[in-house]
Amino acid sequence: MKRRTLGCAMAGWIWSCVLIAGPGPTSLELLGESALPAGTEVDGVAVGGLSGLAFDAGSGKFLALSDDRSEHAPARFYSASIDLVEGKPVLRVDSATTLLAADGHPYPSRGLDPEGIAVDATHLFISSEGEAKVGQAPFVAEFDRSGRFVRELAISDRFRPTLKGDAGVRDNLGFEALGLTPDGRYLFSGAENGLVQESAAASPGVPSLSRLLRWDLERGGPPEELLYRVEAISVTPPSPTDVLVNGLVELIALDAEHLLTLERQWVPGVGVQIRLFAVSLTGLTDVAEIDPPATLSMRTAAKTLILDFADLGLPLDNFEGMTFGPPLPDGRRTLFVVSDDNFNADLQKTFLLALAADASPLTIANLQGRDQRSPLAGRWVVGVEGVVTATEDSPKSKGFWMESAVPDDDVATSDGIYAAWEGAFTLHVGERVKVGGRVEERAAAGGLPVTTLRVVALESMDDEHAQPAALPPPIRLIRDRRIPSVIDDDALTRFEPASDAIDFWESLEGMRVEVPAGTVVSATRAFGDFALLADGASLAGGMRTAAGGLLPGVADQLFERVILSRRISGKMPDLAVGDRIDAPMTGIVDYGFSNFRVQLLAPPVVSDSHASSCGERTALIAGDHRLTLATFNVENFSVADAGPRIARLGRAIAEGLGGPSVVGLEEVQDDSGVADDGVVTSQATLAALVAAITGAGGPRYEPVVIDPENDHDGGQPGGNIRVALLYDPSRLTLVRRGAARANDEVSIVGRGRTMSLSLSPARLAAKSPAFDLRTGEGVRKPLAVEFELDGAPLFVIVNHWTSKWDDDRAFGARQPPLAPTAAKRLAQATVVRGFVDRLLGASPGARIVVLGDFNESEHEPATAAMGAPPLRDLVLGIAAADRYSFNFEGNSELIDHIVVSPALAAGAEADIVHLNTNCPDSLRVSDHDPVVARVVLH
């Protein structure tokens, strides 16, 4: 089969690579690094210039070659030990052995340039780079263990440099890499770059065609020569005159056909780049008798980029030596890489890296594992096969999902994964691919990690005309696998997909699932999400709303509802709560914003739309001896960015709410919106809203507000949200008393008929710790207003208590989730209720209304405390199927309340006007439904 190579990418540079099968590592993990102390000596000889590294399995020792050209001391290699101490490699040099030339004497100064070393049970080989500028040829020679010269291996004359510089290896780009196969039969070496007469040296955008030499030591004779492509330099140098290089500096021979190669790049002003490749020589032509230009169009060794050392997050230096070491207790093998300090202690060090290499075959299920985190997280993997199930190419995310063609039949491990890759746009669904890269766990603050394969190498296993591969059928939710009703019951200490919903979804992460037909229970959001209750799903003790949504039976009840999103499909219809989708939908399980969602492969088709219900109007209209009041969270409303929303809000209040005499507003921003510019006034914002209400036929309201201190009430940074109030001056009179500022305290003055507020309007509990911004999300201090109505006072307190922003999410990383904000709301409820109780203590017949966004359902202590007798929370009298004012990810909730004192309770009624929560974002004006109450004035 002709395979279509798509390339491998790293750090913004593209290499044309082919993934290979072979005996090399399928995964690598960094264990640790260390540096040899400067000035280290052994046998009176400086330890430095470590350019080659080999492991002698027989003795358990490492041989480290110095590239000293007999200038600091005679050319030599060291015997050393490497111990892993808490993962860090500790290099201990035991002795030095001098290399002796054929005449039995140490090599003279500059008589060789030792760079590579290879050893097995019977052989010891050294490669010398030579010095091309003076005509000194490179060589590979055998030595005995005492360092005595045995023989020089045959090398073609084409490698010998000329004094003219028109042939042979380039200066300082000769034989650095050297390695023996494990059976000791084959020895490999290779020039750092192409020969002068055959190829240009590596430069920006231009690779170099080098030759690998393969000696058959058993058969003898000259080596085979195989073409190897040294990668182009990946960056443009700061100066065109800079000397820069990328070259083959080391190799490990895995067998006669497979290598690991190390390429090192140096660019002045940029630094070092080190890359590790897996290399296949299978099927290559021996070019020992072929000269250029015939070689220039011939096939080169297939390469897979395994690791770019920049990914390690460590300082990079002149790494040149590499070898496998002994096995680890878990069966993986150590891989050590050493740097050459060039005997330049002021600027460089001898660094030693330790990695763990595993050769076990890998599947997507291996990567996902039986846990919320991959057992291979942080490792670099090679040769993971799968079939592309979807792609994305957006400014924020570029990648694809892939799934194993053959499932592992373990319901606890996902067979799908997301692969991040800039070239995903070149793939098509159904394409079989083999990929390599780094396994990462990507998580936002407070969220679970998503196992992601950051691709550095990819090969299409199909030819250009291949038909899309057949995939196993998607997992059918509800029908094949039911969603557990418990999110987690073991603090994530056990992985139980059958009983814990958080583990259930993790076991499907990245996989295709089929979502049955069902009813929309959370309308389409601006970012493309909606929630569906599938046909046959369990209600788990909850009930349906009149519109078709879901009401929990108890707080935080979990339904078998599914959140669906558009990350793949690219668009989503405007769906309202109650809409029917009659056909199953297929998507891929994803996680984001602290919840699992299914990314649909295609938009759903709606069979029955309820969008017309978004124009609901209240039936509670004011009349003789009847006053209407409302609370409305207007969701970060500011004239700075409201646009058409101003008119829509005006119509909602004038028509939908019937123009109540008093409207408490929450989330009114300052006039500059989210610009953090010191502006705090909302005068223009409220004036624009009043004009819009009047223009829609509503009352000509007067606004009441006290501006907060800048950046002290929370909400969107710079927005300075606050509570405000609109009142109809034709129905009641505002009592203005004093000129309260943001932190002026209001108190109760007098008793009985003479009772009043010391300041009106004023901010209640302005200095109370319960309304303090110092910890967590800010809180809006309540607005207390005294009115005169029919000759008697009416007290209105507008609230917006602490939100749940700082609470853990239900499907977040901490289980069980913590809800620290509940205590804050209880404290705020206690303060407000205490003030109301003091009002009633001073005048038992006082007419008091406490309204607003309590950010708490009717089941919670804060709401219960506020509405406890003798007060009455009017929304609790609404029929259960209509008792909700907010919808969070498919759960309808009641968090907006109107509480009245006994003097207003008799005959009072309330209505939640479902203008927003059942509607898609495109049709609604806020994320809350307003609440209207009608009270009888006795």
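Since we're looking at a predicted model, the values are computed, not measured.

Regarding the confidence of the model for the protein chain
Here comes step 1: Per-residue pLDDT for the protein chain averages 93, and the proportion of residues at 70 or more is 97%.
Here comes step 2: Note that residues 1-21 has pLDDT below 50 and, in this model, 87 contacts with residues that lie over four places away or in other chains.

Things to note about the packing of aromatic side chains
Here comes step 1: All told, the structure shown has 14 aromatic pairs when counted by the stated rule.
Here comes step 2: On the basis of an interplanar angle of 45° and a centroid distance of 4.8 Å, the ring pair of Phe-55 and Phe-62 is categorised as tilted. Phe-62 matches Phe-55 in its accessibility class, with the two residues each being buried.
Here comes step 3: Between Phe-527 and Phe-593, the ring centres sit 6.4 Å apart and the planes meet at 25°, which makes this aromatic pair stacked. With a gap of 66 residues between them, Phe-527 in the loop between β32 (518-522) and β33 (530-534) and Phe-593 in the loop between β38 (585-592) and β39 (595-600) connect regions that are remote in the sequence.
Here comes step 4: The structure contains a cluster of three or more aromatic residues connected by ring pairs, namely Phe-504, Trp-505, Tyr-591, Phe-596 and Phe-811.
Here comes step 5: Across the ring face of Phe-277, the terminal group of Lys-303 is positioned such that the distance to the ring centre comes to 4.1 Å.
Here comes step 6: Over the ring of Tyr-418 we find Arg-567, and its NZ or CZ is 4.9 Å from the ring centre.

A few points about helix α5 (residues 821-842)
Here comes step 1: If you check α5, its first and last C-alpha atoms are 32 Å apart, about what 22 residues at 1.5 Å a residue would give, namely 32 Å.
Here comes step 2: Along α5, the positions that sit buried rather than exposed are Thr-821, Arg-825, Gln-828, Ala-829, Val-832, Arg-833, Gly-834, Phe-835, Val-836, Leu-839, Leu-840 and Ala-842.

Some remarks on the sheet that holds strand β13 (residues 149-152)
Here comes step 1: With antiparallel pairing, four strands are arranged side by side in an open sheet as β10-β11-β12-β13. With one partner strand each, in any of the chains shown, β10 (114-119) and β13 form the two edges of the open sheet. Across the sheet, the mean angle from the axis of one strand to that of its neighbour is 25°, orientation sign disregarded.
Here comes step 2: Pairing geometry for strand β12 (residues 139-143) and β13, over three bridges, is antiparallel. Of the residues in β13, the one forming a bridge with Phe-143 is Phe-149.

Concerning unusual backbone geometry
Here comes step 1: In this structure, Pro-293 follows Pro-292 across a cis peptide bond, with omega equal to 10°.
Here comes step 2: By the secondary structure assignment, Pro-293 is in the loop between β20 (271-280) and β21 (302-308).
Here comes step 3: Non-glycine residue Asp-409 carries a positive phi angle of around 65°.
Here comes step 4: Position of Asp-409 among the secondary structure elements: in the loop between β26 (398-403) and β27 (416-420).

Quick word on the environment of Pro-74
Here comes step 1: One can find Pro-74 in the loop between β7 (61-66) and β8 (76-85).
Here comes step 2: On a C-alpha basis, the gap between Pro-74 and Leu-100 in space is 9.0 Å, while along the polypeptide they are 26 residues apart.
Here comes step 3: Non-local contacts of Pro-74, meaning those with residues more than four positions away in its chain, are made with Thr-98 and Pro-106.

Quick notes on the nonpolar core
Here comes step 1: In this structure, Leu-725, Phe-787, Leu-794, Val-796, Val-849, Val-850 and Met-866 are the most contacted members of the largest nonpolar core, which totals 64 residues.
Here comes step 2: For this core, the element with the most residues is α5, which contributes seven residues.
Here comes step 3: Non-local contacts of Leu-725, meaning those with residues more than four positions away in its chain, are made with Val-662, Val-663, Glu-702, Pro-703, Val-704, Leu-783, Val-785, Phe-787, Val-796 and Val-798.

Here's the deal with the pattern of salt bridges
Note on pairing: side chains with opposite charge can pair once their charged atoms come close.
Here comes step 1: According to the stated counting rule, one finds 59 salt bridges in the structure shown.
Here comes step 2: The salt bridge partner of Asp-291 is Arg-158, with a shortest N-O separation of 2.5 Å. Of this pair, Asp-291 sits in the loop between β20 and β21 while Arg-158 sits in the loop between β13 and β14 (175-180); the two residues are 133 residues apart in sequence, bridging distant segments of the chain.
Here comes step 3: Three or more residues joined by partner-sharing salt bridges are found here, namely Arg-69, Glu-71, Arg-110, Asp-113 and Glu-131.

Digging into the sheet that holds strand β17 (residues 224-230)
Here comes step 1: Across the sheet, which stays open at both edges, the four strands sit in the order β14-β15-β16-β17 with antiparallel pairing between neighbours. Looking at which strands have only one partner, the edges of the open sheet turn out to be β14 and β17. Strand-to-strand twist across the sheet, computed as the mean angle between neighbouring axes with direction ignored, equals 25°.
Here comes step 2: Examined bridge by bridge, β14 and strand β15 (residues 186-191) share five bridges and lie antiparallel to one another.

A look at the environment of Ala-908
Here comes step 1: Relative to the elements of secondary structure, Ala-908 occurs in the loop between α7 (902-905) and β55 (909-912).
Here comes step 2: Considered as a pair, Ala-908 and Gly-877 are 31 residues apart in the sequence and their alpha carbons are 9.6 Å apart.
Here comes step 3: In contact with Ala-908, not counting residues within four places along its chain, are Arg-872, Leu-874, Arg-934 and Val-935.

A short note on the side chain of Ser-522
Here comes step 1: If you trace the backbone, Ser-522 turns up in strand β32.
Here comes step 2: At 3.3 Å, the side chain of Ser-522 forms a polar contact with the side chain of Asn-887.
Here comes step 3: In contact with Ser-522, other than residues within four places in its own chain, are Phe-530, Ala-531, Val-577, Asn-887, Glu-889 and Gly-890.

Describing the state of the cysteines
Here comes step 1: Under the criterion given, the structure shown has one disulfide.
Here comes step 2: Each sulfur of the disulfide joining Cys-614 and Cys-919 lies 2.2 Å from the other. Around the S-S axis, the bridge from Cys-614 to Cys-919 shows a dihedral of about -125° and counts as left-handed. With Cys-614 in the loop between β39 and β40 (626-637) and Cys-919 in the loop between β55 and β56 (931-936), this pair connects stretches of sequence that are 305 residues apart.
Here comes step 3: For Cys-919, a relative accessible area of 0% corresponds to the buried category.

Considerations on helix α3 (residues 645-656)
Here comes step 1: Buried within α3 we find Arg-645, Ile-646, Leu-649, Gly-650, Ala-652, Ile-653, Ala-654 and Gly-656.
Here comes step 2: On its buried face, α3 sits against β40, β41 (662-668) and α4 (683-695).
Here comes step 3: The positive-phi residue at the C-terminal boundary of α3 is Gly-658, with phi of around 70°.

What counts, and at which threshold
- Residues numbered from 1 in each chain as written.
- Predicted model: local features only at pLDDT ≥ 70, side-chain atom pairs only at ≥ 80, totals over all residues.
- Heavy atoms only, no water.
- pLDDT = per-residue confidence, 0-100.
- Contact = heavy atoms within 4.5 Å.
- Phe/Tyr/Trp six-rings, centres within 6.5 Å; stacked < 30°, edge-to-face > 60°.
- Buried < 20%, exposed > 50% of the residue type's maximum accessible area, 1.4 Å probe, protein only.
- Helix = DSSP H or I, 4+ residues; strand = E, 2+ residues; numbered from the N terminus.
- Lys NZ or Arg CZ within 6 Å of the ring centre and 35° of its normal.
- Expected span 1.5 Å × (residues − 1).
- Pairing = 2+ DSSP bridges.
- Axes fitted to C-alpha atoms, helices over the stretch in contact; angles between N-to-C directions.
- Core = buried A, V, L, I, M, F, W, Y, C linked by side-chain atoms within 4.5 Å.
- Salt bridge = Lys/Arg side-chain N within 4 Å of Asp/Glu carboxyl O.
- Polar contact = N/O pair within 3.5 Å; in protein donor to acceptor, adjacent residues only side chain to side chain.
- Disulfide = S-S within 2.5 Å.

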